[in-house]
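Below are the chains, spelled out letter by letter.
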Amino acid sequence: MISQEQVEKLAALARLELESAESAKLAGEIDSILAYAGELSRVAGEIDRTKEVPAHRNIMRADGEPHQPGIHTGVLLDAAPAREGKYFKVKKILS
Amino acid sequence: MIDLSTLSIAKAAKALRDGSLTSCDLTRAYLERIKERDGEVHAYLEVFADALEQAKAADALIKAGKGGALTGIPIAVKDNILIKGRIASAASKILERYVASYDATAIEKLRQAGAVLIGRTNMDEFAMGGSTENSAFGPTKNPHDTARVPGGSSGGSAAVVAADMALAAIGSDTGGSVRQPASFCGVVGLKPTYGAISRHGLMAMGSSLDQIGPVTKTVADSETLFNIMAGKDRMDSTSIELAQLPVPAKMRIGVPEDFLKMEGIDPEVLADFRAALSRLEALGHTIVPVSLPSLPYSLAVYYMLMPAEVSSNLARFDGVKYGFHVDGKDLLEDYRKSRGQGFGREVRRRIILGTYVLSAGYYDAYYNKANIVRSLITKDYEKAFAEVDILSTPTAPTPAFKLGEKTENPLEMYLADIFTVPVNLSGVPAISVPSGTVTREGKRLPLGIQFVAPWAGEDRLFSIGKQFLNEHEA
(Lines give C-alpha, C1' and ligand atoms only; values in the text may rest on other atoms or scores of the structure.)
Protein backbone atom coordinates (compact mmCIF):
# COMPACT_ATOMS: atom_id res chain seq x y z
CA MET A 1 0.00 0.00 0.00
CA ILE A 2 1.24 3.42 -0.88
CA SER A 3 0.36 6.14 1.63
CA GLN A 4 -0.50 9.77 1.18
CA GLU A 5 2.76 10.65 2.95
CA GLN A 6 4.70 8.60 0.39
CA VAL A 7 2.95 10.43 -2.45
CA GLU A 8 3.90 13.74 -0.85
CA LYS A 9 7.52 12.60 -0.52
CA LEU A 10 7.54 11.58 -4.20
CA ALA A 11 6.00 14.93 -5.14
CA ALA A 12 8.80 16.70 -3.28
CA LEU A 13 11.40 14.61 -5.12
CA ALA A 14 9.69 15.35 -8.44
CA ARG A 15 9.52 19.10 -7.61
CA LEU A 16 5.73 19.11 -7.86
CA GLU A 17 3.40 20.98 -5.57
CA LEU A 18 0.21 18.97 -4.95
CA GLU A 19 -2.95 19.89 -3.09
CA SER A 20 -3.56 17.49 -0.23
CA ALA A 21 -6.87 16.30 -1.72
CA GLU A 22 -4.97 15.33 -4.86
CA SER A 23 -2.20 13.47 -3.06
CA ALA A 24 -4.82 11.43 -1.19
CA LYS A 25 -6.59 10.59 -4.46
CA LEU A 26 -3.29 9.78 -6.18
CA ALA A 27 -2.34 7.32 -3.43
CA GLY A 28 -5.46 5.27 -4.26
CA GLU A 29 -5.00 5.51 -8.02
CA ILE A 30 -1.33 4.60 -7.95
CA ASP A 31 -2.15 1.69 -5.68
CA SER A 32 -4.58 0.25 -8.19
CA ILE A 33 -2.08 0.71 -11.04
CA LEU A 34 0.67 -0.99 -9.01
CA ALA A 35 -1.69 -3.83 -8.13
CA TYR A 36 -2.40 -4.25 -11.82
CA ALA A 37 1.34 -4.35 -12.52
CA GLY A 38 1.89 -6.86 -9.73
CA GLU A 39 1.54 -9.77 -12.15
CA LEU A 40 4.80 -8.72 -13.85
CA SER A 41 6.84 -10.07 -11.01
CA ARG A 42 5.28 -13.53 -11.47
CA VAL A 43 5.67 -13.45 -15.26
CA ALA A 44 9.27 -12.25 -15.12
CA GLY A 45 10.03 -15.07 -12.69
CA GLU A 46 13.73 -15.58 -12.12
CA ILE A 47 14.92 -14.47 -15.54
CA ASP A 48 18.26 -12.71 -15.21
CA ARG A 49 18.32 -10.02 -17.83
CA THR A 50 21.85 -8.89 -17.04
CA LYS A 51 23.25 -11.77 -19.14
CA GLU A 52 21.37 -10.70 -22.25
CA VAL A 53 22.78 -8.47 -24.94
CA PRO A 54 20.25 -5.74 -25.67
CA ALA A 55 19.09 -5.46 -29.27
CA HIS A 56 19.18 -1.68 -29.19
CA ARG A 57 22.32 0.28 -28.64
CA ASN A 58 23.00 3.97 -28.68
CA ILE A 59 24.64 5.17 -31.84
CA MET A 60 27.34 7.58 -30.74
CA ARG A 61 29.05 10.15 -32.85
CA ALA A 62 32.49 11.64 -32.40
CA ASP A 63 32.81 14.97 -30.64
CA GLY A 64 33.70 17.78 -32.95
CA GLU A 65 32.28 20.46 -35.21
CA PRO A 66 31.12 22.67 -32.34
CA HIS A 67 29.02 25.62 -33.41
CA GLN A 68 30.19 29.18 -32.82
CA PRO A 69 29.72 30.06 -29.15
CA GLY A 70 26.73 32.28 -28.49
CA ILE A 71 24.92 31.95 -31.83
CA HIS A 72 21.86 30.32 -30.24
CA THR A 73 21.96 32.19 -26.93
CA GLY A 74 19.58 34.99 -27.87
CA VAL A 75 16.79 32.84 -29.27
CA LEU A 76 16.98 30.34 -26.41
CA LEU A 77 16.98 33.04 -23.72
CA ASP A 78 14.02 34.73 -25.39
CA ALA A 79 11.94 31.74 -24.24
CA ALA A 80 12.90 32.19 -20.58
CA PRO A 81 10.46 33.77 -18.13
CA ALA A 82 13.30 35.85 -16.65
CA ARG A 83 16.78 36.66 -17.90
CA GLU A 84 19.64 38.95 -17.07
CA GLY A 85 21.94 39.71 -19.97
CA LYS A 86 23.19 36.41 -21.37
CA TYR A 87 21.91 34.37 -18.42
CA PHE A 88 18.78 32.75 -17.04
CA LYS A 89 17.71 34.56 -13.91
CA VAL A 90 16.95 32.41 -10.86
CA LYS A 91 16.58 33.05 -7.15
CA LYS A 92 19.49 32.58 -4.73
CA ILE A 93 19.85 28.98 -3.55
CA LEU A 94 22.15 29.81 -0.62
CA SER A 95 21.01 32.26 1.98
CA MET B 1 -16.72 23.91 -55.28
CA ILE B 2 -14.06 21.31 -54.47
CA ASP B 3 -15.38 18.03 -53.05
CA LEU B 4 -13.06 17.63 -50.08
CA SER B 5 -14.68 14.39 -48.91
CA THR B 6 -13.29 12.32 -51.78
CA LEU B 7 -9.96 14.14 -52.06
CA SER B 8 -6.62 12.47 -51.26
CA ILE B 9 -3.05 13.75 -51.41
CA ALA B 10 -2.54 11.70 -54.57
CA LYS B 11 -5.61 13.19 -56.31
CA ALA B 12 -4.92 16.76 -55.15
CA ALA B 13 -1.25 16.59 -56.18
CA LYS B 14 -2.28 15.42 -59.65
CA ALA B 15 -4.85 18.22 -60.01
CA LEU B 16 -2.31 20.79 -58.79
CA ARG B 17 0.24 19.56 -61.33
CA ASP B 18 -2.13 19.57 -64.30
CA GLY B 19 -3.40 23.05 -63.37
CA SER B 20 -7.04 22.11 -62.73
CA LEU B 21 -6.61 23.14 -59.07
CA THR B 22 -4.56 25.79 -57.28
CA SER B 23 -3.21 25.51 -53.76
CA CYS B 24 -4.89 28.84 -52.94
CA ASP B 25 -8.32 27.44 -53.86
CA LEU B 26 -7.63 24.20 -52.03
CA THR B 27 -6.36 25.94 -48.90
CA ARG B 28 -9.26 28.39 -48.98
CA ALA B 29 -11.70 25.44 -49.15
CA TYR B 30 -10.13 23.94 -46.02
CA LEU B 31 -10.17 27.29 -44.20
CA GLU B 32 -13.88 27.62 -45.07
CA ARG B 33 -14.54 24.13 -43.78
CA ILE B 34 -12.64 24.85 -40.56
CA LYS B 35 -14.81 27.93 -40.04
CA GLU B 36 -17.96 25.81 -40.46
CA ARG B 37 -16.93 22.80 -38.44
CA ASP B 38 -14.21 23.51 -35.89
CA GLY B 39 -16.32 25.57 -33.53
CA GLU B 40 -18.05 22.30 -32.70
CA VAL B 41 -15.17 19.81 -33.09
CA HIS B 42 -12.33 21.93 -31.58
CA ALA B 43 -9.57 20.01 -33.31
CA TYR B 44 -7.29 22.99 -33.93
CA LEU B 45 -5.43 24.94 -31.28
CA GLU B 46 -4.36 27.41 -33.95
CA VAL B 47 -4.99 27.83 -37.65
CA PHE B 48 -1.97 29.57 -39.12
CA ALA B 49 -2.74 33.09 -40.34
CA ASP B 50 -0.22 32.74 -43.18
CA ALA B 51 -1.66 29.49 -44.63
CA LEU B 52 -2.87 31.31 -47.75
CA GLU B 53 0.51 32.99 -48.22
CA GLN B 54 2.17 29.58 -48.06
CA ALA B 55 -0.35 28.38 -50.66
CA LYS B 56 0.42 31.35 -52.91
CA ALA B 57 4.13 30.55 -52.75
CA ALA B 58 3.35 26.90 -53.54
CA ASP B 59 1.30 27.91 -56.60
CA ALA B 60 4.23 29.99 -57.85
CA LEU B 61 6.57 27.02 -57.45
CA ILE B 62 4.20 24.71 -59.33
CA LYS B 63 3.82 27.26 -62.11
CA ALA B 64 7.60 27.45 -62.42
CA GLY B 65 7.73 23.65 -62.70
CA LYS B 66 9.57 23.34 -59.39
CA GLY B 67 6.85 21.57 -57.37
CA GLY B 68 7.67 18.64 -55.06
CA ALA B 69 5.56 15.70 -53.96
CA LEU B 70 3.52 17.77 -51.48
CA THR B 71 3.70 21.23 -53.00
CA GLY B 72 0.51 23.05 -52.09
CA ILE B 73 -0.96 20.25 -49.94
CA PRO B 74 -2.46 21.49 -46.62
CA ILE B 75 -1.20 19.42 -43.68
CA ALA B 76 -1.94 19.87 -39.96
CA VAL B 77 0.62 19.20 -37.24
CA LYS B 78 0.19 17.85 -33.71
CA ASP B 79 1.07 20.48 -31.13
CA ASN B 80 4.06 18.55 -29.70
CA ILE B 81 6.07 18.79 -32.95
CA LEU B 82 8.17 21.92 -33.37
CA ILE B 83 7.63 24.40 -36.20
CA LYS B 84 10.13 27.25 -36.09
CA GLY B 85 8.64 30.56 -35.02
CA ARG B 86 5.29 29.07 -34.00
CA ILE B 87 3.85 28.16 -30.62
CA ALA B 88 4.31 24.50 -29.66
CA SER B 89 2.41 23.98 -26.42
CA ALA B 90 1.86 20.20 -26.30
CA ALA B 91 -1.64 21.29 -25.15
CA SER B 92 -0.11 22.19 -21.79
CA LYS B 93 -0.43 25.34 -19.74
CA ILE B 94 3.29 25.07 -18.94
CA LEU B 95 4.15 25.72 -22.62
CA GLU B 96 1.15 27.86 -23.52
CA ARG B 97 3.30 30.66 -24.94
CA TYR B 98 6.41 28.68 -25.90
CA VAL B 99 7.64 29.53 -29.39
CA ALA B 100 9.73 26.86 -31.13
CA SER B 101 13.25 27.98 -32.02
CA TYR B 102 13.79 25.35 -34.73
CA ASP B 103 11.96 22.97 -37.08
CA ALA B 104 11.58 19.29 -36.23
CA THR B 105 13.34 17.18 -38.87
CA ALA B 106 9.99 15.71 -39.96
CA ILE B 107 8.66 19.27 -40.47
CA GLU B 108 11.77 20.29 -42.38
CA LYS B 109 11.20 17.35 -44.73
CA LEU B 110 7.51 18.20 -45.22
CA ARG B 111 8.49 21.79 -46.00
CA GLN B 112 11.11 20.66 -48.51
CA ALA B 113 8.44 18.57 -50.20
CA GLY B 114 6.30 21.73 -50.41
CA ALA B 115 3.57 21.14 -47.80
CA VAL B 116 1.36 24.02 -46.68
CA LEU B 117 1.33 23.86 -42.87
CA ILE B 118 -2.23 24.82 -42.04
CA GLY B 119 -2.34 24.68 -38.24
CA ARG B 120 -1.51 22.88 -35.02
CA THR B 121 -3.86 20.27 -33.65
CA ASN B 122 -5.21 19.55 -30.18
CA MET B 123 -3.97 16.58 -28.17
CA ASP B 124 -3.82 15.11 -24.68
CA GLU B 125 -1.33 17.18 -22.70
CA PHE B 126 2.20 16.03 -23.58
CA ALA B 127 0.55 13.12 -25.48
CA MET B 128 -0.63 11.52 -22.24
CA GLY B 129 -4.09 10.11 -22.74
CA GLY B 130 -6.39 8.24 -25.07
CA SER B 131 -9.23 10.72 -25.58
CA THR B 132 -7.83 14.28 -26.03
CA GLU B 133 -9.77 15.17 -22.86
CA ASN B 134 -6.47 15.90 -21.12
CA SER B 135 -5.80 19.00 -23.22
CA ALA B 136 -5.34 22.14 -21.10
CA PHE B 137 -7.36 23.96 -23.77
CA GLY B 138 -10.52 21.81 -23.77
CA PRO B 139 -11.35 18.48 -25.42
CA THR B 140 -11.71 17.71 -29.13
CA LYS B 141 -14.98 16.02 -30.18
CA ASN B 142 -15.38 13.10 -32.54
CA PRO B 143 -16.68 14.46 -35.89
CA HIS B 144 -18.91 11.36 -36.27
CA ASP B 145 -20.67 12.05 -32.96
CA THR B 146 -19.70 15.14 -31.01
CA ALA B 147 -20.87 13.57 -27.74
CA ARG B 148 -17.92 11.17 -28.12
CA VAL B 149 -14.14 11.47 -27.93
CA PRO B 150 -11.96 11.35 -31.06
CA GLY B 151 -9.47 9.10 -29.25
CA GLY B 152 -6.01 10.24 -28.37
CA SER B 153 -3.53 11.45 -27.84
CA SER B 154 -3.42 12.66 -31.48
CA GLY B 155 -7.20 13.25 -31.39
CA GLY B 156 -6.99 16.64 -33.09
CA SER B 157 -4.92 15.24 -35.95
CA ALA B 158 -7.39 12.38 -36.53
CA ALA B 159 -10.42 14.68 -36.25
CA VAL B 160 -9.14 17.27 -38.76
CA VAL B 161 -8.61 14.55 -41.38
CA ALA B 162 -11.96 12.87 -40.65
CA ALA B 163 -13.86 16.19 -40.81
CA ASP B 164 -12.06 17.37 -43.98
CA MET B 165 -10.34 20.23 -42.16
CA ALA B 166 -6.93 19.22 -43.60
CA LEU B 167 -5.88 16.75 -46.27
CA ALA B 168 -3.56 14.95 -43.86
CA ALA B 169 -2.02 15.43 -40.42
CA ILE B 170 1.05 14.43 -38.45
CA GLY B 171 0.82 12.83 -35.02
CA SER B 172 2.97 10.95 -32.54
CA ASP B 173 2.42 7.44 -31.23
CA THR B 174 3.83 6.24 -27.89
CA GLY B 175 1.26 3.55 -27.04
CA GLY B 176 -1.30 3.91 -29.82
CA SER B 177 -1.71 7.68 -30.03
CA VAL B 178 -1.92 7.74 -33.84
CA ARG B 179 -3.66 4.40 -34.47
CA GLN B 180 -6.38 4.49 -31.78
CA PRO B 181 -7.73 7.97 -32.78
CA ALA B 182 -7.47 6.95 -36.45
CA SER B 183 -9.68 3.97 -35.59
CA PHE B 184 -12.19 6.12 -33.62
CA CYS B 185 -12.38 8.70 -36.44
CA GLY B 186 -12.41 6.36 -39.45
CA VAL B 187 -9.07 7.37 -41.01
CA VAL B 188 -5.67 5.72 -41.64
CA GLY B 189 -2.96 5.97 -38.95
CA LEU B 190 0.61 4.66 -39.11
CA LYS B 191 3.11 3.95 -36.32
CA PRO B 192 6.41 3.32 -38.12
CA THR B 193 9.28 1.08 -36.98
CA TYR B 194 11.10 2.55 -33.97
CA GLY B 195 13.78 4.85 -35.39
CA ALA B 196 12.31 5.08 -38.90
CA ILE B 197 11.38 8.79 -38.63
CA SER B 198 13.63 11.22 -36.79
CA ARG B 199 12.24 12.50 -33.49
CA HIS B 200 14.41 15.61 -33.47
CA GLY B 201 11.91 18.33 -32.58
CA LEU B 202 9.24 15.97 -31.20
CA MET B 203 8.73 16.63 -27.49
CA ALA B 204 9.89 13.46 -25.75
CA MET B 205 7.37 11.49 -23.72
CA GLY B 206 8.57 7.85 -23.57
CA SER B 207 11.84 7.91 -25.46
CA SER B 208 12.04 4.14 -25.94
CA LEU B 209 8.51 4.13 -27.42
CA ASP B 210 7.80 7.42 -29.27
CA GLN B 211 7.45 7.60 -33.05
CA ILE B 212 6.05 10.26 -35.39
CA GLY B 213 3.38 8.97 -37.79
CA PRO B 214 0.98 10.28 -40.45
CA VAL B 215 -2.83 10.41 -40.28
CA THR B 216 -4.39 10.25 -43.76
CA LYS B 217 -7.52 9.33 -45.67
CA THR B 218 -5.87 6.63 -47.79
CA VAL B 219 -3.09 4.10 -47.30
CA ALA B 220 -1.33 5.42 -50.41
CA ASP B 221 -1.18 8.87 -48.76
CA SER B 222 0.21 7.30 -45.59
CA GLU B 223 2.95 5.69 -47.69
CA THR B 224 3.73 9.00 -49.41
CA LEU B 225 4.14 10.86 -46.12
CA PHE B 226 6.11 8.03 -44.52
CA ASN B 227 8.59 7.94 -47.39
CA ILE B 228 9.05 11.70 -47.22
CA MET B 229 9.63 11.82 -43.44
CA ALA B 230 11.66 8.59 -42.98
CA GLY B 231 15.43 8.34 -42.84
CA LYS B 232 18.46 8.56 -40.59
CA ASP B 233 19.06 11.97 -39.07
CA ARG B 234 22.27 13.03 -37.36
CA MET B 235 20.17 15.03 -34.87
CA ASP B 236 18.45 11.85 -33.55
CA SER B 237 20.87 9.12 -32.57
CA THR B 238 18.05 6.54 -32.42
CA SER B 239 17.10 7.10 -36.06
CA ILE B 240 18.04 4.48 -38.64
CA GLU B 241 18.00 3.96 -42.37
CA LEU B 242 15.61 1.05 -43.01
CA ALA B 243 15.98 -1.47 -45.79
CA GLN B 244 12.38 -2.55 -46.33
CA LEU B 245 11.49 -6.25 -46.13
CA PRO B 246 10.16 -7.96 -49.27
CA VAL B 247 6.38 -7.96 -49.74
CA PRO B 248 4.82 -11.36 -50.55
CA ALA B 249 1.94 -11.18 -53.05
CA LYS B 250 -0.15 -13.51 -50.90
CA MET B 251 0.48 -13.08 -47.20
CA ARG B 252 0.19 -15.30 -44.19
CA ILE B 253 -1.72 -13.22 -41.65
CA GLY B 254 -1.33 -14.27 -38.01
CA VAL B 255 -4.18 -13.72 -35.56
CA PRO B 256 -3.32 -13.95 -31.83
CA GLU B 257 -6.48 -15.79 -30.80
CA ASP B 258 -5.73 -15.92 -27.05
CA PHE B 259 -5.30 -12.16 -26.99
CA LEU B 260 -8.78 -11.70 -28.49
CA LYS B 261 -10.36 -13.64 -25.61
CA MET B 262 -9.48 -10.94 -23.08
CA GLU B 263 -12.23 -9.16 -21.18
CA GLY B 264 -13.54 -5.81 -22.26
CA ILE B 265 -13.56 -6.34 -26.01
CA ASP B 266 -16.84 -5.24 -27.57
CA PRO B 267 -18.60 -8.19 -29.32
CA GLU B 268 -19.43 -6.00 -32.33
CA VAL B 269 -15.77 -5.04 -32.65
CA LEU B 270 -14.87 -8.74 -32.73
CA ALA B 271 -17.59 -9.48 -35.29
CA ASP B 272 -16.34 -6.67 -37.51
CA PHE B 273 -12.79 -8.00 -37.17
CA ARG B 274 -13.87 -11.54 -38.17
CA ALA B 275 -15.68 -10.12 -41.20
CA ALA B 276 -12.52 -8.22 -42.14
CA LEU B 277 -10.49 -11.44 -41.93
CA SER B 278 -12.95 -13.13 -44.29
CA ARG B 279 -12.45 -10.31 -46.80
CA LEU B 280 -8.69 -10.79 -46.55
CA GLU B 281 -9.11 -14.53 -47.18
CA ALA B 282 -11.25 -13.74 -50.21
CA LEU B 283 -8.34 -11.65 -51.48
CA GLY B 284 -6.20 -14.81 -51.42
CA HIS B 285 -4.37 -14.34 -48.11
CA THR B 286 -4.18 -17.05 -45.46
CA ILE B 287 -5.33 -16.54 -41.88
CA VAL B 288 -3.20 -18.42 -39.35
CA PRO B 289 -3.89 -18.60 -35.59
CA VAL B 290 -0.72 -17.72 -33.69
CA SER B 291 0.24 -17.62 -30.04
CA LEU B 292 1.86 -14.59 -28.41
CA PRO B 293 1.44 -15.58 -24.77
CA SER B 294 3.12 -12.50 -23.24
CA LEU B 295 1.02 -9.91 -25.08
CA PRO B 296 -1.70 -9.69 -22.38
CA TYR B 297 0.94 -8.27 -19.99
CA SER B 298 1.77 -5.38 -22.32
CA LEU B 299 -0.36 -2.79 -20.55
CA ALA B 300 1.18 -3.58 -17.17
CA VAL B 301 4.66 -3.25 -18.70
CA TYR B 302 3.72 -0.03 -20.46
CA TYR B 303 2.30 1.61 -17.34
CA MET B 304 5.57 0.99 -15.51
CA LEU B 305 8.09 1.94 -18.22
CA MET B 306 6.27 4.87 -19.82
CA PRO B 307 5.75 6.87 -16.58
CA ALA B 308 9.37 6.19 -15.64
CA GLU B 309 10.48 7.76 -18.93
CA VAL B 310 7.91 10.55 -18.55
CA SER B 311 9.19 11.51 -15.10
CA SER B 312 12.72 11.84 -16.52
CA ASN B 313 11.78 13.59 -19.76
CA LEU B 314 9.54 16.16 -18.10
CA ALA B 315 12.17 17.19 -15.55
CA ARG B 316 13.28 19.87 -18.03
CA PHE B 317 10.09 21.89 -17.49
CA ASP B 318 11.10 23.87 -14.44
CA GLY B 319 9.73 27.39 -14.96
CA VAL B 320 13.25 28.71 -15.53
CA LYS B 321 14.39 27.82 -19.05
CA TYR B 322 11.07 28.35 -20.80
CA GLY B 323 7.38 28.47 -20.32
CA PHE B 324 5.07 29.14 -17.45
CA HIS B 325 6.54 30.49 -14.20
CA VAL B 326 5.00 30.89 -10.75
CA ASP B 327 6.98 32.83 -8.21
CA GLY B 328 7.65 31.27 -4.80
CA LYS B 329 9.78 32.27 -1.85
CA ASP B 330 12.91 30.53 -3.14
CA LEU B 331 14.12 28.60 -6.19
CA LEU B 332 12.79 25.27 -4.91
CA GLU B 333 9.35 26.75 -4.41
CA ASP B 334 9.52 28.33 -7.90
CA TYR B 335 10.06 24.84 -9.32
CA ARG B 336 7.32 23.20 -7.27
CA LYS B 337 4.72 25.86 -7.97
CA SER B 338 5.55 26.24 -11.68
CA ARG B 339 5.37 22.47 -12.25
CA GLY B 340 2.44 21.85 -9.90
CA GLN B 341 0.30 24.52 -11.57
CA GLY B 342 1.72 24.23 -15.09
CA PHE B 343 1.10 20.49 -15.54
CA GLY B 344 -2.38 18.96 -15.67
CA ARG B 345 -3.71 16.11 -13.56
CA GLU B 346 -2.78 13.15 -15.79
CA VAL B 347 0.74 14.49 -16.29
CA ARG B 348 1.18 14.95 -12.53
CA ARG B 349 -0.13 11.42 -11.95
CA ARG B 350 2.37 9.90 -14.37
CA ILE B 351 5.31 11.91 -13.00
CA ILE B 352 4.53 10.69 -9.46
CA LEU B 353 4.07 7.08 -10.63
CA GLY B 354 7.30 7.23 -12.65
CA THR B 355 9.21 8.72 -9.74
CA TYR B 356 7.97 5.85 -7.57
CA VAL B 357 8.84 3.16 -10.12
CA LEU B 358 12.38 4.52 -10.43
CA SER B 359 13.01 5.09 -6.74
CA ALA B 360 15.58 2.99 -4.88
CA GLY B 361 13.90 -0.02 -3.32
CA TYR B 362 11.13 -0.26 -5.93
CA TYR B 363 13.23 -0.02 -9.07
CA ASP B 364 13.90 -3.74 -9.13
CA ALA B 365 10.35 -4.82 -8.29
CA TYR B 366 8.71 -2.70 -10.99
CA TYR B 367 11.04 -1.12 -13.54
CA ASN B 368 13.37 -4.10 -13.96
CA LYS B 369 10.57 -6.67 -13.99
CA ALA B 370 8.73 -4.64 -16.61
CA ASN B 371 11.87 -4.60 -18.76
CA ILE B 372 12.17 -8.39 -18.52
CA VAL B 373 8.55 -8.89 -19.60
CA ARG B 374 9.10 -6.35 -22.38
CA SER B 375 11.85 -8.58 -23.76
CA LEU B 376 9.47 -11.59 -23.55
CA ILE B 377 6.92 -9.67 -25.63
CA THR B 378 9.57 -8.86 -28.23
CA LYS B 379 10.53 -12.55 -28.36
CA ASP B 380 6.87 -13.43 -28.92
CA TYR B 381 6.85 -11.17 -31.98
CA GLU B 382 10.11 -12.65 -33.28
CA LYS B 383 8.68 -16.16 -32.97
CA ALA B 384 5.37 -15.22 -34.59
CA PHE B 385 7.07 -13.48 -37.51
CA ALA B 386 9.06 -16.64 -38.21
CA GLU B 387 5.70 -18.20 -39.16
CA VAL B 388 3.66 -15.34 -40.61
CA ASP B 389 4.25 -12.23 -42.76
CA ILE B 390 2.05 -9.90 -40.70
CA LEU B 391 -0.24 -9.98 -37.67
CA SER B 392 -3.70 -8.53 -37.26
CA THR B 393 -6.02 -7.49 -34.40
CA PRO B 394 -8.72 -4.87 -33.99
CA THR B 395 -7.06 -1.47 -33.39
CA ALA B 396 -9.11 -0.69 -30.27
CA PRO B 397 -11.37 -2.87 -28.10
CA THR B 398 -14.37 -0.53 -28.50
CA PRO B 399 -15.67 2.22 -30.78
CA ALA B 400 -15.28 5.83 -29.61
CA PHE B 401 -16.56 6.27 -26.05
CA LYS B 402 -18.40 9.26 -24.61
CA LEU B 403 -16.74 12.38 -23.27
CA GLY B 404 -16.27 12.01 -19.53
CA GLU B 405 -17.02 8.27 -19.58
CA LYS B 406 -13.54 7.18 -18.48
CA THR B 407 -11.95 10.31 -17.00
CA GLU B 408 -12.49 9.22 -13.41
CA ASN B 409 -10.87 5.81 -13.81
CA PRO B 410 -7.31 5.88 -15.20
CA LEU B 411 -7.04 2.08 -15.48
CA GLU B 412 -10.18 1.87 -17.59
CA MET B 413 -8.89 4.64 -19.86
CA TYR B 414 -5.58 2.76 -20.22
CA LEU B 415 -7.41 -0.40 -21.42
CA ALA B 416 -8.30 1.40 -24.67
CA ASP B 417 -4.61 0.89 -25.63
CA ILE B 418 -4.57 -2.89 -25.15
CA PHE B 419 -3.99 -3.78 -28.83
CA THR B 420 -1.70 -0.89 -29.71
CA VAL B 421 0.73 -0.81 -26.77
CA PRO B 422 2.60 -4.11 -27.43
CA VAL B 423 3.61 -2.73 -30.83
CA ASN B 424 5.44 0.23 -29.26
CA LEU B 425 7.06 -1.99 -26.64
CA SER B 426 8.68 -4.04 -29.41
CA GLY B 427 9.32 -1.23 -31.89
CA VAL B 428 7.57 -2.98 -34.79
CA PRO B 429 5.49 -0.95 -37.27
CA ALA B 430 1.67 -1.03 -37.42
CA ILE B 431 -1.14 0.65 -39.30
CA SER B 432 -4.83 1.16 -38.51
CA VAL B 433 -7.24 1.25 -41.44
CA PRO B 434 -11.03 1.66 -41.34
CA SER B 435 -12.77 -1.73 -41.28
CA GLY B 436 -16.46 -0.96 -40.73
CA THR B 437 -18.93 0.83 -38.50
CA VAL B 438 -21.25 0.16 -35.58
CA THR B 439 -24.37 2.11 -34.73
CA ARG B 440 -24.71 3.62 -31.27
CA GLU B 441 -27.69 5.81 -30.39
CA GLY B 442 -28.41 6.42 -34.05
CA LYS B 443 -24.85 7.48 -34.93
CA ARG B 444 -22.54 5.45 -37.13
CA LEU B 445 -19.16 5.07 -35.44
CA PRO B 446 -16.07 3.85 -37.30
CA LEU B 447 -13.98 0.83 -36.33
CA GLY B 448 -10.41 0.03 -37.35
CA ILE B 449 -8.35 -3.05 -38.08
CA GLN B 450 -4.67 -3.06 -37.13
CA PHE B 451 -1.95 -4.73 -39.18
CA VAL B 452 1.43 -5.29 -37.54
CA ALA B 453 4.58 -6.08 -39.53
CA PRO B 454 8.08 -7.13 -38.51
CA TRP B 455 10.73 -4.41 -38.08
CA ALA B 456 11.18 -2.54 -41.40
CA GLY B 457 7.97 -4.07 -42.77
CA GLU B 458 6.09 -0.84 -43.58
CA ASP B 459 5.82 -1.82 -47.25
CA ARG B 460 3.86 -4.93 -46.20
CA LEU B 461 1.46 -2.72 -44.21
CA PHE B 462 0.92 -0.42 -47.19
CA SER B 463 0.36 -3.38 -49.51
CA ILE B 464 -2.18 -5.16 -47.33
CA GLY B 465 -3.88 -1.88 -46.38
CA LYS B 466 -4.35 -0.84 -50.00
CA GLN B 467 -5.72 -4.27 -50.90
CA PHE B 468 -8.06 -4.22 -47.91
CA LEU B 469 -9.47 -0.78 -48.79
CA ASN B 470 -9.46 -1.64 -52.49
CA GLU B 471 -7.32 1.41 -53.27
CA HIS B 472 -6.09 1.81 -56.78
CA GLU B 473 -3.28 4.10 -57.79
CA ALA B 474 -4.57 7.55 -58.68
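Since the model is a prediction, treat every value here as computed from it, not as a measurement. (Residues numbered from 1 in each chain as written. Chains lettered and ligands numbered in written order. Predicted model: local features only at pLDDT ≥ 70, side-chain atom pairs only at ≥ 80, totals over all residues. Heavy atoms only, no water.)

Trainee: With reference to specific residues and values, describe the nonpolar core.
Mentor: Ranked by size, the top nonpolar core spans 165 residues in total, and within it L70(B), F126(B), M304(B), Y381(B) and F451(B) carry the most contacts. In contact with Y381(B), not counting residues within four places along its chain, are L292(B), L295(B), L391(B), P422(B), V423(B), S426(B), V428(B), V452(B) and W455(B). (Core = buried A, V, L, I, M, F, W, Y, C linked by side-chain atoms within 4.5 Å. Buried < 20%, exposed > 50% of the residue type's maximum accessible area, 1.4 Å probe, protein only. Contact = heavy atoms within 4.5 Å.)

Trainee: A description of the packing of helix α2 (residues 23-41) of chain B against helix α3 (residues 51-63) of chain B should follow, citing residues and the corresponding values.
Mentor: Residues and elements named next belong to chain B. At their nearest, the axes of α2 and α3 sit 8 Å apart, and the two run at 155 degrees to each other. By the angle between their directions, the pair α2 and α3 is classed as roughly antiparallel. Considering how the two elements wind past one another, α2 and α3 form a crossing that is right-handed. Of the residues in α3, those in contact with S23, C24, T27, R28 and L31 of α2 are A51, L52, A55, K56, A58 and D59. (Axes fitted to C-alpha atoms, helices over the stretch in contact; angles between N-to-C directions. Helix = DSSP H or I, 4+ residues; strand = E, 2+ residues; numbered from the N terminus. Parallel < 35°, antiparallel > 145°, perpendicular 65-115°, else oblique. Left-handed = near helix turned anticlockwise from the far one by under 90°.)

Trainee: Could you give me a rundown of the environment of A300(B), with the residues and numbers involved?
Mentor: Tracing the chain through its elements places A300(B) in helix α9 (residues 298-313). For A300(B), a relative accessible area of 1% puts it in the buried group. Residues within four places of A300(B) in sequence aside, it is in contact with Y36(A), A37(A), E39(A) and L40(A).

Trainee: Which residues make up the environment of F419(B), and what are the values?
Mentor: All names here are of chain B. Within the secondary structure layout, F419 lies in the loop between α13 (410-414) and α14 (421-426). Residue classification places F419 among the buried positions, given a relative accessible area of 2%. In this structure the C-alpha to C-alpha distance between F419 and A76, which are 343 residues apart in sequence, comes to 26 Å. The contacts of F419, once residues within four sequence positions are left out, are F259, L260, I265, T393, P394, T395, A396, P397 and Q450.

Trainee: Any chance you could break down the pairing of strand β4 (residues 168-173) of chain B for me, citing the residues and the numbers?
Mentor: Residue and element names in this part refer to chain B. Of all six residues making up β4, six are buried, and the element is well covered by its neighbours. Burial along β4 is two-sided: A168, I170 and S172 and A169, G171 and D173, pointing in opposite directions, are all buried. With three bridges joining them, strand β2 (residues 74-78) and β4 adopt parallel strand pairing. Each residue of the ladder has a partner; that of A76, found in β4, is A169. Relative to strand β6 (residues 211-216), β4 runs antiparallel, the two being bridged by five bridges. When the bridges of β6 are listed, I170 appears paired with P214. (Pairing = 2+ DSSP bridges.)

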